[in-house]
Amino acid sequence: MTPHRPPAPDHEGAIASAPYRRHRRIQRSRSHPRPRILQLLATGGNGGAQESYSGLLLRLDRSRYEVRALSLSRGSAVHRLRRLGLEVEVIDQPDDEGAIRELSAYLRRQEIDLLHAHMYRAEVVGARAALAAGTPVVMATVHSSRVRAPEDVAALAALTPVIDRLIVPSASIAAKVRAEGRGGASFSIIPNGVDLARFDLPITACALRREYGIPSDAPLLGVIARLEPEKGHRYLIEAMPAILLGAPETWLAIVGEGSLEAELRADAASLPRPAGDRIVFTGRREDVAAITGEIDVAILPSLREAQGISILEAMARRRPVIASAVGGIPEVLTDGVDGLLVPPADSTALAEASIRLACSPSLRNRLGEAGRATVEARFSLDAMVRRIEDVYDEELVRAGALPLARSSGISQASAPPVGRAALEVPPA
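This section reports on the structure supplied with the text. Note that the structure is a prediction, hence the values are computed from the model and not measured. (Residues numbered from 1 in each chain as written. Predicted model: local features only at pLDDT ≥ 70, side-chain atom pairs only at ≥ 80, totals over all residues. Heavy atoms only, no water.)

1. Digging into the overall build of the protein
- Summing up its helical and strand segments, the protein has 17 helices and 13 strands in all.
- Counting the 428 residues in the protein, one finds 55% classified as buried.
- Of all intrachain contacts in the protein linking residues separated by at least 6 positions in sequence, the fraction that spans at least 24 positions is 73%.
- Carbon together with sulfur atoms contributes 53% to the accessible area of the protein, which is approximately 18,100 Å² in total. (Helix = DSSP H or I, 4+ residues; strand = E, 2+ residues; numbered from the N terminus. Buried < 20%, exposed > 50% of the residue type's maximum accessible area, 1.4 Å probe, protein only. Contact = heavy atoms within 4.5 Å. Areas by Shrake-Rupley, 256 points an atom, 1.4 Å probe, with all protein chains shown as cover.)

Structure (C-alpha cells):
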C-alpha cells in the first residue's frame, strides 16, 4: 500500500490570499528564549550584496538573537564565511518550487521567527516558503539597482503583501522599488556600512604594482567592481588615451570578474599605445582591502548603482573617489567636498576628473580625508547593524514574537518605518 502523503503547500493560493491571512500566521512556541533569525542569501558569489550580508551576519548581537545563515547556492561568499568560523547552510536546489519546499520545511523545523531575504531569488523563494511555513516576520533588503524583466517585477510586486518590511540602501532605490509596484510596503532606508576597524589596520603589503610592473611613484587609478555592463568599465577604458595626455605616468587597474571580461580586455588591447599597455586586469582577488590601500584614486563609472560599497571602502581607507552621479551615489558623495561626481557614460568627464586627481596629491589628500569623515559620520557597519536590529525588534514585537518589554531598548535615533505616505520620494 502506498503510504499517505500530505498535499504539497499551495504556494500560489497562499500568496493570492496573503492580505487576508497574514494576521493568522503561526505563532512560535517559546521553546527558545531569543528570537530566531534566518539570513537568507540568493547566491553565494561575490558582490556588494554579499559584502553587506557578510557584515550583517558577523555583527548581529548573538545575546539578543539566535542567528542562522542559509544560501540558495554555493560560492566564494559562503566559503569565506565558513573560513571565519560561521555555519552557513546551503539549499542547492536550482528549481524554485523544490527550493520553496526545502526552505519551508527548514523554517518550520528550526522555528524561525524572522526571515531576512537578500537579493531577488531569496525574496521570491523566501517569501513563498515563509508564508507556507507560517513564519511570523518576513523582511527583505533590496541591494540592487538592476532593471529587471517585466515578469520578475510582477513576481516581486505580487509577493510584496507577504513582506513586513523592505530595507533599501538609498532614497533612489526606494523610489525605484515604489515605481515597480511595491509602494504599499513599509520601507526603511538604511545605508550600507563598512567596517571601519578593518580599514584602520595598517595597509597590508600588496604585490599588485610588482606583479604588473607598475612604478611605485606612478598614479594608479583603480576600479573594483564586477565586470558587467551596468558598471560602465568601457567608458573609463575609452578615457585612458585622454588621461595619459594630461597625466602621462598614470596606470589603471581593473579588479574583478564577470561576463564582460573578454570584451573589456579586447577594448583595452585595441587602444593606441601606451594606453592599452597601462591597463591591467587582475581578475578576482582575495586581497581587495590591500588593493584599496594601494591605489591612488578609486573610480566607479557605473550606469546604475544602489549605493556603491566599493567607494565606501575606498573612502574608509582615505582614498579619493570619482563616481557616476547615478542611483544612490549622490546620497553618499558631495561633488568637490568628499569626492568627484561625473555624468554616467561620459568618457570625457572621467578623463578630466582623473587628470585632476592624478596631477594633484594635495587634492587627493583633501578629498580622501573628507571621504573618511563622511564614512565615519554616516556609513559605518556598526550603525547599519544597529538600525537593522531596531527594525527586527519593531517587527518581532508587532508579530507577537518578542515581548513588548524588549522593545524599550529600540534606539530613538533609528530610522522609523517609512510607509507609502511618509516616504517623501518621487517615483523613479
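2. A look at the sheet that holds strand E3 (residues 88-90)
- Sheet architecture is open: 7 strands sit in the order E3-E2-E1-E4-E5-E6-E7, paired in parallel fashion. Of all the strands in the sheet, the pair left with one neighbour each is E3 and strand E7 (187-189). Here the average twist between neighbouring strands, direction ignored, is 25 degrees.
- In this structure, strand E2 (residues 66-71) lies alongside E3, joined through 3 bridges in parallel fashion. Of the residues in E3, the one forming a bridge with Ala69 is Val88.
- Along the sheet, helix H5 (residues 96-110) makes contact with strand E1 (36-41), E2, E3 and strand E4 (114-118), crossing E1 at roughly 160 degrees. (Pairing = 2+ DSSP bridges. Axes fitted to C-alpha atoms, helices over the stretch in contact; angles between N-to-C directions.)

3. With respect to helix H7 (residues 150-159)
- When H7 is considered as a whole, its buried residues turn out to be Val153, Leu156 and Leu159. Viewed end-on, H7 has its buried residues packed into an arc of 130 degrees, placing them on one side of the element. Turned more than 90 degrees away from the buried face of H7 sit Pro150 and Glu151, all of them exposed. (Arc of directions from axis to C-beta.)

4. Brief notes about H5
- End to end, H5 covers 21 Å across 15 residues, agreeing with the expected 21 Å (1.5 Å per residue, within 8%).
- Among the residues of H5, Gly98, Ala99, Ile100, Leu103, Ser104, Tyr106, Leu107 and Gln110 are the ones counted as buried.
- Directly beyond the C-terminal end of H5, a positive phi value near 50 degrees is found at Glu111. (Expected span 1.5 Å × (residues − 1).)

5. Describing the pairing of E1
- Most of E1 is tucked away: 6 of the 6 residues are buried.
- Burial along E1 is two-sided: the residues Arg36, Leu38 and Leu40 and Ile37, Gln39 and Leu41 are all buried.
- Pairing between E1 and E2: 6 bridges, direction parallel. The partner of Leu41 across the bridge, within E2, is Ser71.

6. Quick notes on the pattern of salt bridges
- Applying the stated rule across the entire model yields 30 salt bridges.
- Arg226 serves as the salt-bridge partner of Glu230, at 3.3 Å between the closest nitrogen and oxygen. (Salt bridge = Lys/Arg side-chain N within 4 Å of Asp/Glu carboxyl O.)

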